[in-house]
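Residue-level listing of the chains:
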Amino acid sequence: MPLFGHRKHQGQAAPGVPGLAEAAAARGLYPAADPLFGSRDLSVIHQVSRTLHEFRARPLNVREGLPPMFCSDAYRGSINGATVTVANVWTPMETADLRVAAHVHATSLVALELPTIVPLQGIEPRQKFSAFGGSDVPTGNPAFDARFRVVPLLGFAPEIVTPAVQTLVLARSTWTFAFHDTTLFSIAEGEFVTTNDVTQRLDNVLAIVAAFPASIVPRQIDHSVDDLIVRFNQLHSVDEAIVFLQNLSDDDRARLAASPTPLAKFADVRNRDEITMRFLSLPETERLQILAMFGKAGHEA
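No experiment lies behind these values; they were computed from the predicted model shown.

Topic: the overall build of the chain
Next, step 1: Assigned secondary structure in the chain consists of ten helices and eight strands.
Next, step 2: Counting only residues that meet the buried cut, the chain has 50% of its 301 residues in that class.
Next, step 3: For the chain, restricting intrachain contacts to residue pairs at least 6 apart in sequence, the fraction spanning at least 24 positions comes to 67%.
Next, step 4: Taken as a whole, the chain presents about 13900 Å² of accessible surface, with 56% of it coming from carbon and sulfur.

Structure (structure tokens):
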């Protein structure tokens with residue numbers, strides 16, 4: 001009895017994309033080994049891949065004996081300071097055919113590092129099942145809302161999905177955009193077949209990110225405060241965050257103030273009352289980004 005089915009998009013991974021190594025290298029991307037992502041990123045990709053093939057989303061660790069998801073044609077590098085990954089993703093899914101244990105379904109992936117956390121779970125086409133928990137929110141454009149669900153994280157700032165973003169997303173009506181921590185995943189049904197598939201997809205995703213308001217998603221990624229962000233993400237309570245901010249060195253404060261992170265607004269505060277008042281004075285989107293950073297820290301603890 002064969003382990004996998006053999007129909008297109010449902011068998012073993014296809015041979016590598018011809019010429020992709022050369023085309024990727026021209027964009028600064030080089031072969032990357034599996035696993036490409038951590039378990040939480042993989043769970044997001046897994047859920048989106050399932051729903052794009054009309055399967056109900058399930059946690060990655062609920063596989064019912066299915067083989068693991070895997071990637072091929074994977075390349076990674078840096079474009080304009082942001083880490084970029086492209087890959088074909090192969091997801092075994094259950095089947096009613098007793099002759100095979102699972103069908104392997106293909107999706108194609110572009111993952112792009114963002115300068116900050118975006119308070120969205122995702123933007124997905126309206127389909128049989130959703131990859132994201134919670135209710136979608138209207139953007140104010142009935143034509144867009146009829147075709148796509150916009151699902152917030154904690155709350156929603158409608159200015160993120162600008163008319164320019166909506167236009168670009170509407171042109172890609174079968175793609176799902178998932179946001180996790182500081183990564184945007186663009187996932188579509190079917191594998192990359194040609195180098196043009198990959199390069200066009202990458203350019204389209206870069207254009208969508210460029211259309212986000214710079215007030216919410218800065219144009220440049222600044223790694224100069226990565227160590228501070230790592231330390232912040234290890235905190236477990238508001239009290240710990242207040243102590244962290246109170247004890248920053250003058251050098252840390254200078255680096256933080258010049259950074260595009262949501263924490264930059266706290267570089268000059270030195271006591272609990274100042275920290276509280278500064279937080280309450282922030283726009284809703286920035287407050288949500290900081291709360292999302294705490295949510296990430298608590299989940300990873």
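Examining the pattern of salt bridges
Next, step 1: Taken as a whole and assessed by the stated rule, the structure comprises nine salt bridges.
Next, step 2: Among the ionic pairs, glutamate 124 bridges to arginine 149, the shortest N-O distance being 2.5 Å. One end of the pair, glutamate 124, is in strand E5 (residues 120–125); the other, arginine 149, is in strand E6 (residues 148–152), with 25 residues separating them in the sequence. Each member of the pair glutamate 124 and arginine 149 is classed as buried.
Next, step 3: In this structure, arginine 255 engages aspartate 251 in a salt bridge whose closest nitrogen and oxygen atoms are separated by 3.6 Å. With arginine 255 and aspartate 251 both in helix H8 (residues 250–257), this residue pair falls four residues apart, about one helical turn.
Next, step 4: Through salt bridges with shared partners, a single network forms among Glu124, Arg126, Asp136 and Arg149.

Digging into the nonpolar core
Next, step 1: Ranked by internal contacts, the top residues of the largest apolar core, which has 38 residues, are Leu120, Ile123, Val161, Val169, Phe177, Phe179 and Phe212.
Next, step 2: If one sorts the elements of this core by residue count, helix H5 (residues 195–211) sits on top with six residues.
Next, step 3: Not counting the four nearest positions on each side in its chain, phenylalanine 179 is found in contact with Leu114, Val118, Leu120, Gln121, Gly122, Ile123, Leu184 and Phe212.
Next, step 4: Grouped together as the second largest cluster of nonpolar side chains are 20 residues, Leu36, Ala74, Leu109 and Phe132 included.

Digging into the packing of aromatic side chains
Next, step 1: Counted according to the given criterion, the structure contains four aromatic pairs.
Next, step 2: Ring geometry for phenylalanine 37 against phenylalanine 185: centres 5.4 Å apart, planes inclined by 80°, an arrangement best described as edge-to-face. Of this pair, phenylalanine 37 sits in the loop between strand E1 (29–31) and helix H2 (39–52) while phenylalanine 185 sits in strand E8 (residues 183–189), placing them 148 residues apart in sequence. Of the two residues examined, phenylalanine 37 and phenylalanine 185, each falls in the buried class.
Next, step 3: Ring centres of tryptophan 175 and phenylalanine 177 lie 6.0 Å apart, and the angle between their planes is 55°; this geometry places the pair in the tilted category.
Next, step 4: The exposure class of tryptophan 175 is buried, given its relative accessible area of 11%.
Next, step 5: The lysine or arginine in question, arginine 76, covers the ring of phenylalanine 37, its NZ or CZ lying 5.3 Å from the ring centre.

Let's talk about the side chain of aspartate 145
Next, step 1: Structurally, aspartate 145 can be placed in helix H3 (residues 142–145).
Next, step 2: Of the side chains bearing the opposite charge, arginine 126 lies closest to the buried aspartate 145, which forms no salt bridge; the N-O distance is 5.8 Å.
Next, step 3: Among all residues touching aspartate 145, those that are not within four sequence positions of it are Arg126, Pro138, Thr139 and Gly140.

Some points on the side chain of serine 49
Next, step 1: Within the fold, serine 49 resides in helix H2.
Next, step 2: Since its relative accessible area comes to 0%, serine 49 is described here as buried.

Here's the deal with the sheet that holds strand E7 (residues 175–180)
Next, step 1: A sheet is described by the order of its strands in space; here eight strands give the open sequence E1-E2-E3-E4-E8-E7-E5-E6, paired in antiparallel fashion. Two strands close off the open sheet at either side, each with one partner strand: E1 and E6. Between one strand axis and the next, the sheet turns through 20° on average, direction left out of account.
Next, step 2: Two elements, E5 and E7, share two bridges in a ladder whose sense is antiparallel.

Describing H2
Next, step 1: Compared with the 20 Å implied by 1.5 Å per residue over 14 residues, the 20 Å span of H2 between its first and last C-alpha is a close match.
Next, step 2: In terms of residue burial, H2 counts as a mostly covered element, since eleven of its 14 residues are buried.
Next, step 3: Burial in H2 covers these residues: Asp41, Leu42, Ser43, Val44, Ile45, His46, Val48, Ser49, Arg50, Thr51 and Leu52.
Next, step 4: Along its buried surface, H2 packs onto strand E3 (82–93), strand E4 (103–113), E7 and E8.
Next, step 5: Positioned one or two residues after H2, glutamate 54 has a phi angle of 65°, which is positive.

A few points about the confidence of the model for the chain
Next, step 1: Here the chain averages 82 in pLDDT, and 83% of its residues register 70 or above.
Next, step 2: In the predicted structure, residues 297–301 sits below a pLDDT of 50 and forms eight contacts with residues beyond four places in sequence or in another chain.

Some details on the pairing of E6
Remember that side chains alternate between the two faces of the sheet whenever the strand is regular.
Next, step 1: Of all five residues in E6, five are buried, a share of seventy percent or more.
Next, step 2: Because side chains alternate across E6, one face comprises the buried residues Phe148, Val150 and Pro152, and the other comprises Arg149 and Val151, equally buried.
Next, step 3: Pairing of E5 with E6, which is carried by five bridges, proceeds in the antiparallel orientation. Its bridge partner lying in E6, glutamate 124 is registered against arginine 149.

Analysis parameters
- Residues numbered from 1 in each chain as written.
- Predicted model: local features only at pLDDT ≥ 70, side-chain atom pairs only at ≥ 80, totals over all residues.
- Heavy atoms only, no water.
- Helix = DSSP H or I, 4+ residues; strand = E, 2+ residues; numbered from the N terminus.
- Buried < 20%, exposed > 50% of the residue type's maximum accessible area, 1.4 Å probe, protein only.
- Contact = heavy atoms within 4.5 Å.
- Areas by Shrake-Rupley, 256 points an atom, 1.4 Å probe, with all protein chains shown as cover.
- Salt bridge = Lys/Arg side-chain N within 4 Å of Asp/Glu carboxyl O.
- Core = buried A, V, L, I, M, F, W, Y, C linked by side-chain atoms within 4.5 Å.
- Phe/Tyr/Trp six-rings, centres within 6.5 Å; stacked < 30°, edge-to-face > 60°.
- Lys NZ or Arg CZ within 6 Å of the ring centre and 35° of its normal.
- Lys, Arg positive; Asp, Glu negative; His and termini not counted.
- Pairing = 2+ DSSP bridges.
- Axes fitted to C-alpha atoms, helices over the stretch in contact; angles between N-to-C directions.
- Expected span 1.5 Å × (residues − 1).
- pLDDT = per-residue confidence, 0-100.

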